[in-house]
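The chain contents come next:
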Amino acid sequence: MCDHCSCRQHRAIAELSTEHEQILEVAWALSERHRETGVSDGPLQEQLGQMLAVHVEAEEVALYPLLVETGGLQPEHSDALEQEHTDLASALISGKFDRRMYFELASHIEEEELELFPLAMFGFDDEDWAVLEATPRFLAPDTPLVH
């Protein structure tokens, strides 16, 4: 993950970035299990599903709409990113989360880290940051991805 723009100085972005690292770790283990056995691992599949549900909600309810509102993200691009979330969830639910899906997830995360987070860093004012950090996902510090 990058840190060239200092966007992680904002708690919400720091948390999303940390979650990205955790998600990729579990996703890799799941894709490796699929590669070795041809089937998804139930506990890893469930863990990744829970992690993604919490994480994706923060992005779709808070980050993406603020980026669209500030002009940093086109609505069509936001829709495409949300469709990628849906596609990943479908692959996970169907037990088809393999290496290809891992790399699709990694690419999606890379776009958020290298493009969207810097857009927030340079496009959000204090009010936008306050709105982002006031969303339910960020109100409780240290909310774990898996309950």
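Residues numbered from 1 in each chain as written. Predicted model: local features only at pLDDT ≥ 70, side-chain atom pairs only at ≥ 80, totals over all residues. Heavy atoms only, no water.

### Examining the side chain of His108
Point 1. Examined against the element boundaries, His108 turns out to sit in helix α4 (residues 99-123).
Point 2. Side chain to side chain, His108 and Glu84 meet in a polar contact 2.5 Å long.
Point 3. Apart from the residues lying within four places of it in its own chain, the contact partners of His108 are Glu59, Tyr64, Leu81, Glu84 and His85. (Helix = DSSP H or I, 4+ residues; strand = E, 2+ residues; numbered from the N terminus. Polar contact = N/O pair within 3.5 Å; in protein donor to acceptor, adjacent residues only side chain to side chain. Contact = heavy atoms within 4.5 Å.)

### Regarding the environment of Ala58
Point 1. Mapped onto the fold, Ala58 is located in helix α2 (residues 42-69).
Point 2. For the pair formed by Ala58 and Leu132, sequence separation is 74 residues and the distance between their alpha carbons is 8.9 Å.
Point 3. For Ala58, the contacting residues outside a window of four places in its chain are Leu16, Leu63, Arg137 and Phe138.

### Observations concerning the packing of aromatic side chains
Point 1. For the coordinates displayed, the defined rule picks out 4 aromatic pairs.
Point 2. Ring centres of Trp28 and Tyr102 lie 5.0 Å apart, and the angle between their planes is 70°; this geometry places the pair in the edge-to-face category. Of this pair, Trp28 sits in helix α1 (residues 11-37) while Tyr102 sits in helix α4, and the two are 74 residues apart along the sequence.
Point 3. Overall, the relative accessible area of 33% leaves Trp28 in the partly exposed class. (Phe/Tyr/Trp six-rings, centres within 6.5 Å; stacked < 30°, edge-to-face > 60°. Buried < 20%, exposed > 50% of the residue type's maximum accessible area, 1.4 Å probe, protein only.)

### Remarks on helix α3 (residues 75-93)
Point 1. Taking 1.5 Å as the rise per residue, α3 with 19 residues should run 27 Å; its terminal C-alpha atoms sit 27 Å apart, in good agreement.
Point 2. Taken together, the buried positions of α3 are Ser78, Leu81, His85, Leu88, Ala91 and Leu92. Angularly, the buried residues of α3 cover 145° about the axis, an arc narrow enough to put them on a single face. Exposed side of α3, more than 90 degrees from the buried face: Glu76, Asp79 and Ile93 are the residues found there.
Point 3. Turning to α3, the residues buried within the fold contact α1, α2 and α4.
Point 4. Following α3 by one or two positions, Gly95 has its phi on the positive side, about 80°. (Expected span 1.5 Å × (residues − 1). Arc of directions from axis to C-beta.)

It is worth stressing that arrangement in space is one thing and function is another; only the former is reported here.
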